[in-house]
Amino acid sequence: MRRAAQEGSPAGTSVEREAATRPPGDPPPRLTIGVDVGGTKTAAGVVDEHGAIIRDARRETPATSPSEIIAAIGDLVEELRGDHEVEAIGVGAAGFVDAKRSTVLFAPNLAWREEPLRAEIEKLTGLSTVVENDANAAAWAEFQFGAAHDVDDMILLTVGTGLGGGLVLAGELYRGAFGVGGEVGHLRAVPNGHLCGCGNKGCWEQYASGSALVREAREFARSSPPQASCLLELAGGRADRIEGPMVTKAAADGDGPSRELLEDLGRWLGEGIATLAAVLDPAVVVVGGGVSEAGDLLLDPARKAFARQLTARGHRPVLEIRRAMLGNEAGIIGAADLARRR
């Protein structure tokens, strides 16, 4: 059992396993295909049982046409299986997936409404298929092969445009009674706060996401142009063109206001993690997504805020907040591994 975090950084990751040679006489690897369907692109890869991607391919996502999305997935599978014998397909979808891992109930950025995705892909490819929420798939990858490989209980937070979440509890991916659990970004953080895309106000992701960082940076640049000179220079002098990576770059270069923006985001992140810890008590929280590229400029403030807000602090073990290891490949790797385990 890998119940609690071990000292030191995670080892034995998929990158290291991929480099290792297979002993003579070992059976050939069991290969599956993982597909990560996003709003603009669909990425897929052939993945072995150690989480190594041995071939990958991409297509633009025809987001407004369900039939064309299916066709694009089929084209990717056909291309990838041409040189490899694969046994199953896992599809990570940015949306609500039912408990049977079969139907996409709703996808905010894709034209999927009650879409029987598993049946359609199995009919098209002839391969057994599993459909999973994309954040769940990424969480499973970090649990099996990445930053949380040494624990049984972990949470993945993807800090990007929104704030996604995936939960692994007692070694099992948690989906909830109806398959749509883990949407931690929509916990209420501020009563009557900023309007969220889900229709509610004050959701956590409105304060702990890349979109929140951009909103605050642009407001700061409009209200205090002299203090925001570094950000405005990167944005060509226009506050409305400031983007998250600009804040990260300016902060890394030593710009004080940009560092404060990341610190504020980290504070919101850490306080929310303390709430999750009170309910779920994970050993590790892994932070991924585009904003995690800021590294300790984001995570150190998150760790400090978490420590301040943790229930019964000083009288309980303290979880670790770690940066994700698998990057944009996590969704592919996790979906493929879940398909293998079906």
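Placed above this text is the structure.
Scoring rules and cut-offs
- Residues numbered from 1 in each chain as written.
- Predicted model: local features only at pLDDT ≥ 70, side-chain atom pairs only at ≥ 80, totals over all residues.
- Heavy atoms only, no water.
- Pairing = 2+ DSSP bridges.
- Helix = DSSP H or I, 4+ residues; strand = E, 2+ residues; numbered from the N terminus.
- Axes fitted to C-alpha atoms, helices over the stretch in contact; angles between N-to-C directions.
- Contact = heavy atoms within 4.5 Å.
- Phe/Tyr/Trp six-rings, centres within 6.5 Å; stacked < 30°, edge-to-face > 60°.
- Buried < 20%, exposed > 50% of the residue type's maximum accessible area, 1.4 Å probe, protein only.
- Lys NZ or Arg CZ within 6 Å of the ring centre and 35° of its normal.
- Expected span 1.5 Å × (residues − 1).
- Polar contact = N/O pair within 3.5 Å; in protein donor to acceptor, adjacent residues only side chain to side chain.
- Lys, Arg positive; Asp, Glu negative; His and termini not counted.
- Salt bridge = Lys/Arg side-chain N within 4 Å of Asp/Glu carboxyl O.
- Core = buried A, V, L, I, M, F, W, Y, C linked by side-chain atoms within 4.5 Å.

Attention now goes to the sheet that holds strand β11 (residues 172-174). Pairing within the open sheet is mixed, and its five strands lie in the order β11-β10-β9-β12-β13. The outermost strands of the open sheet, each flanked by one partner alone, are β11 and β13 (320-323). Averaged over neighbouring strand pairs, the angle between their axes works out to 25° when direction is ignored. Where strand β9 (residues 154-159) and strand β12 (residues 284-288) come together, five bridges link them in parallel fashion. Across the sheet, the residue bridging to Leu156 is Val286, located in β12. Sheet strands in contact with helix α9 (residues 296-309) are β12 and β13, and its direction is about 165° off that of β13.

Counted according to the given criterion, the structure contains two aromatic pairs. Ring geometry for Trp140 versus Phe143: centroids 5.1 Å apart, planes at 45°, classification tilted. Of the two residues, Trp140 and Phe143 both sit in helix α4 (residues 134-145), three residues apart, roughly one turn of that helix. Judged by relative accessible area, which is 2%, Phe143 ranks as buried. Seen from the ring of Tyr207, Arg215 lies directly overhead, with NZ or CZ sitting 5.8 Å from the centre. It is Arg267 that lies over the ring of Trp268; its NZ or CZ is 5.0 Å from the centre.

Okay, unusual backbone geometry next. One non-glycine residue, Glu114, adopts positive backbone phi at about 55°. Inspection of the secondary structure assignment puts Glu114 in strand β7 (residues 113-115). At Ala312, a position not held by glycine, the phi torsion is positive, near 60°. By secondary structure assignment, the location of Ala312 is in the loop between α9 and β13.

The next thing to look at is helix α10 (residues 330-341). At 3.6 residues per turn, the α-helix brings residues three or four places apart onto the same side. Counted at 1.5 Å a residue, the expected span for α10 with its twelve residues is 16 Å, and the 16 Å between its end C-alpha atoms agrees. The buried fraction of α10 is high, at eleven of twelve residues.

What follows covers the side chain of Arg175. With respect to the helices and strands, Arg175 occurs in the loop between β11 and α5 (210-223). By relative accessible area, which is 18% here, Arg175 ends up buried. A distance of 2.7 Å separates polar atoms of two side chains, one belonging to Arg175 and the other to Glu132. Sequence-distant contacts of Arg175, defined by excluding residues within four places in its chain, comprise Arg101, Glu132, Asn136, Val180, Gly181 and Leu338.

The next point concerns α5. Here α5 is 14 residues long and its end C-alpha atoms lie 20 Å apart, about the 20 Å a rise of 1.5 Å per residue gives. Residues of α5 that are buried include every one of Gly210, Ala212, Leu213, Val214, Arg215, Ala217 and Ala221, and no others.

Locating Asp98 in the fold gives a position in the loop between β5 (96-97) and β6 (104-106). The side chain of Asp98 is buried and forms no salt bridge, while Lys100, the nearest opposite charge, is found at 6.3 Å. A distance of 2.9 Å separates the side chain of Asp98 from the backbone nitrogen of Ser102, its partner in a polar contact. In contact with Asp98, not counting residues within four places along its chain, are Thr103, Leu105, Phe178 and Gly179.

Counting residues in each nonpolar core, the largest one holds 42 residues, and the members touching the most others are Leu157, Trp204, Val247, Leu269, Ile273 and Phe306. Listed by contribution, the elements that provide at least two residues to this core are β9, β10 (163-169), α5, α6 (229-234), α7 (244-252), α8 (256-280), β12 and α9. Examining the composition of this core, we find that nine residues originate from one element, α8, more than from any other. Excluding anything up to four places from it in sequence, Val247 contacts Leu213, Ala217, Leu231, Ile242, Ser258, Leu261 and Leu262. Of all hydrophobic cores here, the second largest spans 27 residues; its members include Val37, Val46, Ile69 and Val97.

Take the environment of Ala93 next. Note on placement: Ala93 falls in strand β4 (residues 86-93). Along the chain, Ala93 and Glu132 lie 39 residues apart, while their C-alpha atoms are 6.2 Å from each other. In contact with Ala93, other than residues within four places in its own chain, are Val37, Val104, Trp112, Glu132, Asn133 and Asp134.

The strand order β3-β2-β1-β4-β8 describes an open sheet built from five strands, whose pairing is mixed. The open sheet has two edge strands with one neighbour each: β3 (53-60) and β8 (128-133). Strand after strand, the sheet turns through a mean of 20° between neighbouring axes, direction not considered. Bridge count for β4 against β8 is six bridges, and the pairing is parallel. Looking at β8, one finds that Ala88 is bridged to Ser128. Packed onto the sheet, helix α2 (residues 66-81) meets β1 (31-37), β2 (41-47), β3 and β4 and runs at close to 150° relative to β3. Running over the sheet, α10 touches β1, β2, β3, β4 and β8 and is turned about 130° from β1.

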